[in-house]
Amino acid sequence: MSKPFFLKSIAFFILSLPSLICFSQSVPSSIIYHQLQQLKETKRVLYVAAHPDDENTQLIAALRNGEHVEVAYLSLTRGDGGQNLIGKELGIELGQIRTQELLQARATDGGKQFFTRAMDFGYSKNPDETLQNWDKQKVLSDVVWIVRKFRPDIIITRFNTEPGGNHGHHTTSAILAEEAFDLASNPSVFPEQLDYVQTWQPKRIFWNSYNFGGEFKADKNEQYAVFKVGEFNSLLGQTYSQIAADSRTMHKSQGFGATPRIGAADDNLQFIKGEPFKTSAFEGIPNRWAQLEGGKEIETMIQRAIDKFNFTEPVVNLNALTDIRSKLLQLNTKEAWVEEKTKKVDELIFELLGLKMEFVTDQELGYAGEKIQARLVVNNPSAVLLTDVSLQLYDTYYVSDKKSVTNNEPAQIPVEFTIADNTPLSQPYWLINPVVDAIYDVEEQQMIGKPFNDLKMGGDLMFKINGQNFKIIIPLEYKYNDQVDGEVKQPFTIVPEIDLNVSDQNVFLIPGVDPVVSISVNFNGEMKKGKLTFKNLQESEFEILGTEENIAQKKRIYQVSFNLDKNEKREVIAEFTTSEGKLYDQITHRISYKHIPNLTYFSPAAINLIQENWKVSGAKIGYIMGAGDDVPAVLTSLGYQVDGIIDFSLENLSQYKSIVVGIRAYNTNTELAANQQNLMTYVENGGTLVVQYNVSRPLLIENLGPYPFSISRDRVTVENSPFEADWEHPILAEPNQITVADFDDWIQERGLYFESDIAPEYSTPLSFQDPGEDPLNGSLIYANYGKGTYIYTGISFFRELPAGVPGATKLFINLIEQ
């Protein structure tokens, strides 16, 4: 057994994610050989677009694995404004999911990942509209920062700079990339960055030209560089098309599962500006090894290791790699790419030996002041001696009693420590401060561009191989065995000692509804006495009706009612103050999907109090779930009795006054599609059916309503855009009179995927229009069918209702009450 050393208290350890190494090394020798080829190459490419899933994974895969160049994708946004096919997360939650999906995509195709501070605020129709929402100088500075930091030889944009017929974010990404190409070498531009990086001039910038819906046709007036992107890589056992499809399939929240193209394929890069070339996009790009004193010798050593590589006994290659490492460490340079190469050599050495190193615990969450039991495991299946194994957590060392680790006999070191009081929560760095004008407020320059936080719990793992000292940062992880998936590891996460939950985000104070809200105070440590209050609320405006102590679950549940003096919407925040005077007001949010690591973030325990004189029947409502949304919770808060529908028999459907179909249900819900005729009969017999938006492809059935209509790509993206209304139409007049003010203060957009080719049996009581465009009347269609009512709408109720937008909520009540 190893001898334990104990640490009384540690603070969080700052990790730089790019410096982390895969700690479970088990790859075939062909992959190691392939990585040696990448080690030799020094060219760098930056690919630029607007969102997760905009990137051309086939080109990235071919460049990284065929040309062996270092490739990074800069996505201006995290995709916060998109839709979600796998769950109900939207906004900042979806942005975190899509960030991790991009990281999984890059782990698949071999690229790196960067972001700017721009928030995806939703669809925009041109770059002018985009830059009315984004502070152009801030986003441009971020693009310049990444160019200076990553130092690409060429830049490739996914889109061109011509507005029209494209997402405004897309066009803006190309505009900013071209401007950054011109500005990054100018020391007078964003000079504050030069405290951390130097200016840089890429050699060329290209547009990754394409032709949607047909074969690419070159413009005879333009010059192109062409890359083969469908080739088979015998070392990897895959074509670049296969790698690309696997990478794109990581964008699961967008429904982008991909099937690889079979056969040869070309990607065409249209030359935009920079140094002229004759045949190759990389023409004239200097070899970085040749620019370093001692660099050519290292390049020669790498080539010799490639030429003499032993595939059947990989450990034989160890001396060549440790010699290369020794020379790299002797270089007198601060070039970031050299540091990357050195870490890559470390990774290759660990792969050769088949090392497994893990610092793990049996719990996923911890709070400041909590004592943690963990263990360090280091295993070396090879006969090479790995000696002097130790783990440093600040000023305390944990040392193995094994003189050496070899021949598949692991060293195991128990580690016990206390999380320091000043350890910050595991909040994604871009969410620490409030968003300002669709820009995430990130104050620290060196955090800008990073996919996720640098802050993790961990320490320095040290050992010797071949007489050389190795020191790597190893994160603390939660490890467990899942009965289905086997071994699972998740990030160790810092949460508050006390957090809160609220039963309702939106509380409607309307006639006939007397809501009682449950506020749960959750104790991760010992239960403490304290007082519950509300920020932005007088004590006379709420009443605590009761309190329940749940000792087993370590929570205290308060039942609270509210009473406002006038009709208004007011946001209040629940606060719990302990008897020691410490205030807690955060909700801990957890997001879990198998294709990405577990996600955690924190937000104030906010409640929207909405007091109105609306008429609501409180009737029994059926809800047919689609891709996922939070509308049912809002309907329940309004006093409706909401059931999820899984039984589509007419007998079951007939009990509901109205049935609501969730977003993209006709794209995802096969049971719904199979029972469409029963739904039409339900309407014909007197029911009301409200169908929310779908996309045109893939639709599970052709006819969604009793009369024909099509689904277009029309949308209105300005949330407070002009509109026209037929105020006498039943939808706008009954049971609540809709007014002009009800269209104020909407969020993100009016709606999307509006209806077109609308049969005359439908009425269209609303039309919206974006600035400078014609009105669109396909946001909401209404028809009487038999004794009942059919309504289809592309209005973004799935965004407006969970956000507590009063006017949109009032309008949705009218839809249900028809």
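Residues numbered from 1 in each chain as written. Predicted model: local features only at pLDDT ≥ 70, side-chain atom pairs only at ≥ 80, totals over all residues. Heavy atoms only, no water.

(A) Geometry of the overall build of the chain. Regarding its fold elements, the chain presents 18 helices and 44 strands. Along the three orthogonal principal directions, the C-alpha set of the chain runs to about 85 × 75 × 55 Å. Looking at the 818 residues of the chain, the share that counts as buried comes to 57%. Considering only residue pairs separated by 6 or more positions, the chain has 75% of its internal contacts joining residues 24 or more positions apart. Element-wise, carbon and sulfur atoms account for 47% of the exposed surface of the chain, whose accessible area totals about 34300 Å². (Helix = DSSP H or I, 4+ residues; strand = E, 2+ residues; numbered from the N terminus. Buried < 20%, exposed > 50% of the residue type's maximum accessible area, 1.4 Å probe, protein only. Contact = heavy atoms within 4.5 Å. Areas by Shrake-Rupley, 256 points an atom, 1.4 Å probe, with all protein chains shown as cover.)

(B) Local environment of the nonpolar core. Counting residues in each nonpolar core, the largest one holds 55 residues, and the members touching the most others are Phe-359, Phe-417, Phe-463 and Ile-465. Looking at this core element by element, the count peaks at eight residues for helix α10 (residues 336-353). Phe-150, Ile-155, Ile-205 and Met-447 belong to the second largest nonpolar core, which has 45 residues in total. (Core = buried A, V, L, I, M, F, W, Y, C linked by side-chain atoms within 4.5 Å.)

(C) Representation of the environment of Gln-37. As for its position among the elements, Gln-37 is in helix α1 (residues 29-40). In this structure the C-alpha to C-alpha distance between Gln-37 and Ala-305, which are 268 residues apart in sequence, comes to 9.7 Å. With residues near it in sequence (within four places) discarded, Gln-37 still touches His-68, Leu-235 and Ile-306.

(D) Region of the structure containing unusual backbone geometry. Along the chain, Arg-697 connects to Pro-698 via a cis peptide bond; the corresponding omega equals -5 degrees. Position of Pro-698 among the secondary structure elements: in the loop between β38 (688-691) and β39 (710-711). For the bond from Glu-734 to Pro-735, the omega torsion is -10 degrees, close enough to zero to count as cis. The backbone of Asp-53 shows a phi angle near 85 degrees, a positive value even though the residue is not glycine. Mapped onto the elements of the fold, Asp-53 is located in the loop between β3 (44-49) and α2 (57-65). Using a relative accessible area of 10% as the deciding quantity, one classes Asp-53 as buried. You will see that Asn-536, though not glycine, has its phi angle at about 75 degrees, which is positive. For Asn-536, the location among the structural elements is in the loop between β27 (530-535) and β28 (542-550).

(E) A look at the packing of α1 against α10. Two numbers describe how α1 lies on α10: the axes approach to 11 Å, and their chain directions differ by 165 degrees. Between α1 and α10, the interaxial angle falls into the category roughly antiparallel. The handedness of the crossing between α1 and α10 is left-handed. From α1, Ile-32, Gln-35, Leu-36, Gln-38 and Leu-39 reach across to α10, where they touch Lys-341, Lys-344, Val-345, Leu-348, Glu-351 and Leu-352. Here the residues of the contact of α1 with α10 sort into six nonpolar, two polar and three charged. (Axes fitted to C-alpha atoms, helices over the stretch in contact; angles between N-to-C directions. Parallel < 35°, antiparallel > 145°, perpendicular 65-115°, else oblique. Left-handed = near helix turned anticlockwise from the far one by under 90°. Nonpolar A, V, L, I, M, F, W, Y, C, P; charged D, E, K, R; others polar.)

(F) The arrangement of the sheet that holds strand β4 (residues 70-75) in detail. An order of β5-β4-β3-β6-β7-β11-β8 is seen for the seven strands of this open sheet, with the pairing classed as mixed. Each edge of the open sheet carries a strand with a single partner, namely β5 (112-115) and β8 (224-228). Put simply, the sheet's adjacent strands are angled 30 degrees from each other on average, direction ignored. Both β4 and β5 contribute to a ladder of four bridges, which runs parallel. (Pairing = 2+ DSSP bridges.)

(G) Spatial organisation of the sheet that holds strand β29 (residues 555-562). On the basis of which strands lie adjacent, the open sheet formed by four strands has the order β24-β26-β29-β28 and antiparallel pairing. Only two strands of the sheet have a single neighbouring strand rather than two, namely β24 (498-502) and β28. Here the average twist between neighbouring strands, direction ignored, is 20 degrees. Alignment of β28 against β29, held across eight bridges, turns out to be antiparallel. Across the sheet, Thr-547 pairs through a bridge with Tyr-558, a residue of β29.

(H) Helix α6 (residues 168-183), seen in detail. Taking 1.5 Å as the rise per residue, α6 with 16 residues should run 22 Å; its terminal C-alpha atoms sit 22 Å apart, in good agreement. Buried residues of α6: Gly-168, His-169, His-170, Thr-171, Thr-172, Ser-173, Ala-174, Leu-176, Ala-177, Glu-178, Ala-180 and Phe-181, and no others. Looking at the packing, one finds that the buried side of α6 touches β3, α4 (127-133), α5 (136-150), β6 (154-157), β7 (204-209) and β11 (266-274). (Expected span 1.5 Å × (residues − 1).)

(I) Fine view of the packing of aromatic side chains. Within this structure, the stated rule accounts for 38 aromatic pairs. An angle of 55 degrees between the planes, with centres 5.7 Å apart, marks the rings of Phe-350 and Phe-470 as tilted. Here the residue Phe-350 occupies a position in helix α10, and Phe-470 occupies one in strand β21 (residues 468-482), the gap between them amounting to 120 residues. For the residue pair Phe-350 and Phe-470, the accessibility class agrees, reading buried in each case. Grouping aromatic residues by their ring pairs yields a cluster made of Tyr-707, Phe-709, Tyr-762, Tyr-785, Tyr-790 and Tyr-792. Of note, Arg-44 hangs over the ring of Phe-150, and the distance from its end group to the ring centre comes to 4.3 Å. (Phe/Tyr/Trp six-rings, centres within 6.5 Å; stacked < 30°, edge-to-face > 60°. Lys NZ or Arg CZ within 6 Å of the ring centre and 35° of its normal.)

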